[in-house]
Amino acid sequence: MAIDTEKNSYTVIFAAVMVVVVGAILAFLASGLRPNIEENKRFEKQQNILYAMGVHENGDDAGSVNFIPTDKVESEFTNYITEQLVIQDGKAKPDSEAFLIDMKKQLAAKKKGEPFKLPLFIGEKDSKKFYILPMYGKGLWDAIWGFVALNDKMIVQGVYFDHKGETPGLGANIKMRYFMDDFIGETILKGSQYAGVKVAKGNNDPLNKDKEDNEVDALAGATITGNGVSAMVKETLDLYKDYLETIRVK
């Protein structure tokens, strides 16, 4: 008996079968690719941590951001990151997989009043020690995140920022090198207070020569994203300041 393809019921059944078949194929592919996806996420986080402490392949031009390649990043991470810590209940303990901790989940747990963990990374480069803190916050449209590297005088040695959905050419420029480089050399202290570094409009220091003002110049047309970066840095320091006080040179 011939199938009447003009019936609405045929269309509905055909669509339902296709949804099931395509869904099954996608589920199979996702399951098979999961190990590669997780590996790439690990490499990306290692690249970002190293970038914040100045381990990258940037050239002299101020426009490019060049990470350690994925085929080298794991060995370079081991070379430069000398210790990984997890801070919980005011105590810092070594943990070789601290970089796998999801800051979004930990901050959500903190907000609910549940136990939470804070990862921290200690690196060494050119006989200098770096303390790298992960950050997570909110931009204009969605999440922003990154890492800030400090020395024991609480001077920023480098940062890395990224975002999920900020406006191209505006807020998305938080991951541009010229913006991130402005943070290098800034103090996060104001007296003995952890003031952070504010992304400020009209700070009268467009060349960013004043490293004691706790400010960098804002991105044009990205006020809310800049405010999100400022808040993220300050909130991160508030989380980590008890530990930072134990290593700060006074």
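It should be noted that the structure appears before, not after, this text.
Cut-offs applied
- Residues numbered from 1 in each chain as written.
- Predicted model: local features only at pLDDT ≥ 70, side-chain atom pairs only at ≥ 80, totals over all residues.
- Heavy atoms only, no water.
- Pairing = 2+ DSSP bridges.
- Helix = DSSP H or I, 4+ residues; strand = E, 2+ residues; numbered from the N terminus.
- Axes fitted to C-alpha atoms, helices over the stretch in contact; angles between N-to-C directions.
- Contact = heavy atoms within 4.5 Å.
- Core = buried A, V, L, I, M, F, W, Y, C linked by side-chain atoms within 4.5 Å.
- Buried < 20%, exposed > 50% of the residue type's maximum accessible area, 1.4 Å probe, protein only.

(A) Spotlight on the sheet that holds strand β3 (residues 118–125). Within the open sheet, the six strands sit side by side as β2-β1-β3-β4-β5-β6. Their pairing is antiparallel. One side of each edge strand has no neighbouring strand; the edge strands of this open sheet are β2 (91–94) and β6 (156–163). Adjacent strand axes in the sheet meet at a mean angle of 25 degrees, parallel and antiparallel pairs treated alike. Relative to β2, strand β1 (residues 81–88) is paired through four bridges, and the arrangement is antiparallel. When the sheet's bridge partners are listed, isoleucine 87 is paired in β2 with alanine 92. Sheet strands touched by helix α2 (residues 70–80): β1 and β3. Its angle to β1, the strand with the most contacts, is close to 80 degrees. Sheet strands in contact with helix α5 (residues 223–247) are β1, β2, β3, β4 (128–138), β5 (143–150) and β6, and its direction is about 140 degrees off that of β4.

(B) Representation of the nonpolar core within the structure. One finds Leu120, Leu150, Phe161, Phe183, Ile188, Tyr243 and Leu244 to be the most contacted residues of the largest nonpolar core, which totals 38 residues. At the level of elements, β1, β3, β4, β5, β6, α4 (177–181) and α5 are the ones that each hand at least two residues to this core. Top element by residues in this core is α5. It accounts for eight residues. Counting 19 residues, the second largest nonpolar core, distinct from the first, contains Met53, Val73, Ile81 and Phe147.

(C) Here's a closer look at the pairing of β4. Of the strand pairs in this sheet, β3 and β4 are connected by five bridges, and their pairing is antiparallel. Counted as the bridge partner of glycine 123 is phenylalanine 130 from β4. Following β3, the chain reverses through two residues before pairing antiparallel with β4; aspartate 126 in that reversal takes a positive phi of roughly 55 degrees. Bridge count for β4 against β5 is eight bridges, and the pairing is antiparallel. Each bridged residue has a counterpart across the sheet, and for glycine 137 the counterpart in β5 is isoleucine 144. In sequence, β4 turns back onto β5 through a hairpin of four residues.

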